[in-house]
Amino acid sequence: MSTIIHPQDAKAFGKVGVLFGGRSAEREVSNMSGAGVLAALQSQGIDAHPFDPGVRSLAELAAEKFDRVFIALHGRFGEDGSLQGALELLGIPYTGSGVMASSVGMDKITTKIVWLNAGLPTPRYAVLNAQSDLAATAADLGLPLIVKPPHEGSTIGITKVSEADAFQAAYDTAAALDDSVLAEEFVTGREFTVAILGGGAGARALPVVEIVAPEGNYDYQNKYFTDDTKYFCPAVLPDALTAEMQRIAVEAYRALGCEGWGRVDVLLRERDQQPFLLEVNTSPGMTSHSLVPMAARAEGISYEALCVEILRTARLKMKG
């Protein structure tokens with residue numbers, strides 16, 4: 001593997017922890033992401049070490065005396081602000097978004113509220129609980145609709161409901177994973193994602209990726225474990241539409257206060273070419289199938305260079 005940084009620069013990072021595994025439903029994917037990041041950093045001469053907070057304690061994390069950590073965790077207890085808060089308390093600089101942005105970004109309902117308040121387009125929705133009138137929700141949002149647990153990622157617990165009598169089962173599937181359930185208007189159209197690097201005024205979008213899954217089913221299996229899903233990067237779109245999609249993705253990222261890196265998923269409605277924001281990922285996948293590395297490659301950034309660039313942004317976000 002070619003070296004992209006000087007040995008002195010590699011040494012300046014100090015002792016680096018790569019945090020992966022964890023306790024969420026996305027542990028398997030996180031293990032793959034973390035293994036890739038660890039190998040990439042080590043290939044550049046960086047003193048990087050694995051650490052799995054799913055099986056090791058915060059006391060052990062403190063005892064390792066890492067100078068900074070690369071968070072390659074996905075889902076709860078890694079992407080939701082809880083670990084970020086612990087790292088702030090321990091004084092260990094970390095990659096990615098801070099406590100608040102991570103927490104809000106992990107909650108699809110709160111994310112929608114922020115985006116709508118900022119005037120950004122996102123599909124209509126309803127928040128459901130055990131007392132909700134599902135028939136009324138279906139009548140309001142129309143069928144088909146999407147039902148999902150608002151605090152899970154990697155399409156875990158998501159169901160497309162095409163018939164009214166399937167709504168209850170979809171609700172039960174999501175409710176088994178979360179206290180509340182999100183029902184969302186189904187937008188017919190093409191699916192895209194926009195990777196973003198940096199933060200604040202310096203946040204920039206990478207080339208747009210189009211996702212074409214078998215029968216439109218971009219589920220957990222098709223995301224990570226098959227080669228049936230097709231990806232087009234840069235996506236074939238008119239220049240103006242590409243620019244608009246990147247613009248609203250960066251605005252969505254900034255509205256939540258994200259930094260370091262992230263990925264914003266976007267649907268392009270077929271009937272009028274209107275883009276709609278779906279969700280943000282504040283600790284995106286870094287596997288061989290992952291979309292941020294794919295977008296980076298389209299801009300001439302290697303996987304190793306991407307990992308080093310993200311690691312450079314590691315910092316404590318709370319003043320004092």
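These notes cover the structure that comes with them. (Residues numbered from 1 in each chain as written. Predicted model: local features only at pLDDT ≥ 70, side-chain atom pairs only at ≥ 80, totals over all residues. Heavy atoms only, no water.)

Quick notes on the packing of aromatic side chains
Heads up, the condition is: We call Phe, Tyr and Trp rings a pair once their centres come within 6.5 Å, taking the six-membered ring for Trp, and we label the pair stacked below 30 degrees between planes, edge-to-face above 60, and tilted otherwise. In this description a helix means any DSSP run of H or I spanning at least four residues, a strand means any run of E spanning at least two, and both kinds are numbered starting from the N terminus. Under the scheme applied here, a residue whose accessible area is under 20% of the maximum for its type counts as buried, over 50% as exposed, and between as partly exposed, the area being computed with a 1.4 Å probe on protein chains only. Geometrically, a charge over a ring is one whose NZ (Lys) or CZ (Arg) sits within 6 Å of the ring centre while staying within 35 degrees of the ring normal.
Counting across every chain of the model gives two aromatic pairs. Note on F51 and F66: the rings are 6.3 Å apart at their centroids and 85 degrees apart in plane angle, and the pair reads as edge-to-face. With F51 in strand β2 (residues 47-51) and F66 in the loop between α3 (58-63) and β3 (68-71), this residue pair connects regions lying 15 residues apart in the sequence. Both rings, one in F70 and one in W261, keep their centres 5.9 Å apart while their planes meet at 65 degrees; by these two values the pair is edge-to-face. Remark: W261 occurs in strand β12 (residues 261-269) and F70 occurs in strand β3; sequence separation between them is 191 residues. Overall, the relative accessible area of 0% leaves F70 in the buried class. Looking at R23, its charged tip hangs above the ring of F77, at a distance of 4.1 Å from the centre. One Lys or Arg, K317, reaches over the ring of Y94 and ends 3.8 Å from the middle of that ring.

Points about the side chain of E259
As a reminder, the rule being used: Polar contact criterion, stated in full: a pair of N or O atoms within 3.5 Å, where within protein one must be able to donate a hydrogen and the other to accept it, and residues adjacent in sequence count only if both atoms are side-chain atoms. Throughout, a contact is declared for two residues whenever any of their heavy atoms are within 4.5 Å.
Along the chain, E259 falls in the loop between α10 (239-255) and β12. The buried category is assigned to E259, whose relative accessible area is 15%. Only 2.9 Å separates the side chain of E259 from the side chain of R315, close enough to count as a polar contact. Once you skip the residues sitting within four places of it in the chain, E259 turns out to touch G96, S97, G198, G199, Y253, R315 and K317.

Treat this as a map of the structure, not an account of what it does.
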